[in-house]
Amino acid sequence: MELMDLLQSRRAFREYDDQPLTSEELQPILLAAETSPVGLGKYRNHRLTVIQDPKVLNQIKNIYQAPTLIVVSSPDPGQLEFIDAGIIVHNMELAAENEGLAANYNMACLASLPKTVIPAGMTPCFAITLGHTKEKLTPRDLDIKRIPINWIKAD
């Protein structure tokens, strides 16, 4: 999909088929995470946890019965790590929708994550729900004035 079509098509999915994503389907999404810019190049300060076990997923609130959840964690996160996690999730979301998969940014689930799924010493910062959908993404018209713009130009 062309970039602007993808950006104008993306949306928050909250309905998924039951079928978990395969390792092959996850590869472009995980690669997109790897291509994310990370502050000061500190990639080792982040961990991805891919959760597909239905027993674990059933313990997590606010994931809309998604069959796959990816959590981005950091040790002792500050503002920079939370921003990094958001960018990582954003790249994964765009990659998923580019592949025709359903995705949704998610922070509401973090408080209900079982402690045993996150690596020791890490704090969950952001997550993304993923799955299959029968819905097709189609570009929509967007009003350029949704976000006010202040211009500061030379005379």
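Our structure is the block above this text.
The structure contained in this document is the topic of the report that follows. Please read these numbers as outputs of a predicted model, since none were measured by experiment.

1. Re the pairing of strand β2 (residues 68-74)
Here is step 1: With respect to burial, β2 is a largely interior element, 7 of its 7 residues being buried.
Here is step 2: Here β2 shows two buried faces, one formed by T68, I70, V72 and S74 and the other by L69, V71 and S73.
Here is step 3: In terms of strand pairing, strand β1 (residues 47-51) meets β2 through 5 bridges, oriented antiparallel. In the sheet register, R47 faces β2, and the bridge partner there is S73.
Here is step 4: Two strands pair when backbone bridges link them, and β2 and strand β4 (residues 123-131) are joined in this way by 7 bridges, in the antiparallel orientation. Note on β4: the bridge partner recorded for T68 is L130.

2. Quick notes on the sheet that holds strand β3 (residues 102-106)
Here is step 1: On the basis of which strands lie adjacent, the open sheet formed by 4 strands has the order β1-β2-β4-β3 and antiparallel pairing. Edge positions in the sheet fall to β1 and β3, since each of these pairs with one other strand and no more. Across this sheet, the average inter-strand angle for adjacent strands is 20°, counted without regard to direction.
Here is step 2: Of the strands in this sheet, β1, β2, β3 and β4 touch helix α4 (residues 79-98), which is tilted by about 10° from β4.

3. Regarding the state of the cysteines
Here is step 1: Counted by the stated rule, this structure contains 0 disulfides.
Here is step 2: C109 takes part in no disulfide bond, and the closest cysteine sulfur to it belongs to C125, at a distance of 12 Å.
Here is step 3: Overall, C109 belongs to the buried group, its relative accessible area being 0%.
Here is step 4: Look at C125 and you get buried, because its relative accessible area is 0%.

4. Thoughts on the nonpolar core
Here is step 1: Of all hydrophobic cores here, the largest spans 20 residues; its most connected members are I29, I70, M92, I128 and L130.
Here is step 2: Taken together, the elements giving at least two residues each to this core come down to α2 (23-34), β2, α4 and β4.
Here is step 3: Ranked by the residues each element gives to this core, the list is headed by α4, at 6 residues.
Here is step 4: For I29, the residues in contact, after removing those within four places along its chain, are L21, I70, M92, A95, A96, L101 and L130.
Here is step 5: L69, L113, I118 and A127 belong to the second largest nonpolar core, which has 14 residues in total.

5. Some remarks on the environment of T68
Here is step 1: As for its position among the elements, T68 is in strand β2.
Here is step 2: Between the alpha carbons of T68 and P28 there is a distance of 15 Å; along the sequence they are 40 residues apart.
Here is step 3: Filtering out sequence-adjacent residues up to four positions away, T68 remains in contact with P20, L21, L26, V50, I51, Q52, L57, I128, T129 and L130.
Here is step 4: A polar contact is formed between the side chain of T68 and the side chain of Q52, at a distance of 2.9 Å.

What counts, and where the lines are drawn
Residues numbered from 1 in each chain as written. Predicted model: local features only at pLDDT ≥ 70, side-chain atom pairs only at ≥ 80, totals over all residues. Heavy atoms only, no water. Buried < 20%, exposed > 50% of the residue type's maximum accessible area, 1.4 Å probe, protein only. Helix = DSSP H or I, 4+ residues; strand = E, 2+ residues; numbered from the N terminus. Pairing = 2+ DSSP bridges. Axes fitted to C-alpha atoms, helices over the stretch in contact; angles between N-to-C directions. Contact = heavy atoms within 4.5 Å. Disulfide = S-S within 2.5 Å. Core = buried A, V, L, I, M, F, W, Y, C linked by side-chain atoms within 4.5 Å. Polar contact = N/O pair within 3.5 Å; in protein donor to acceptor, adjacent residues only side chain to side chain.

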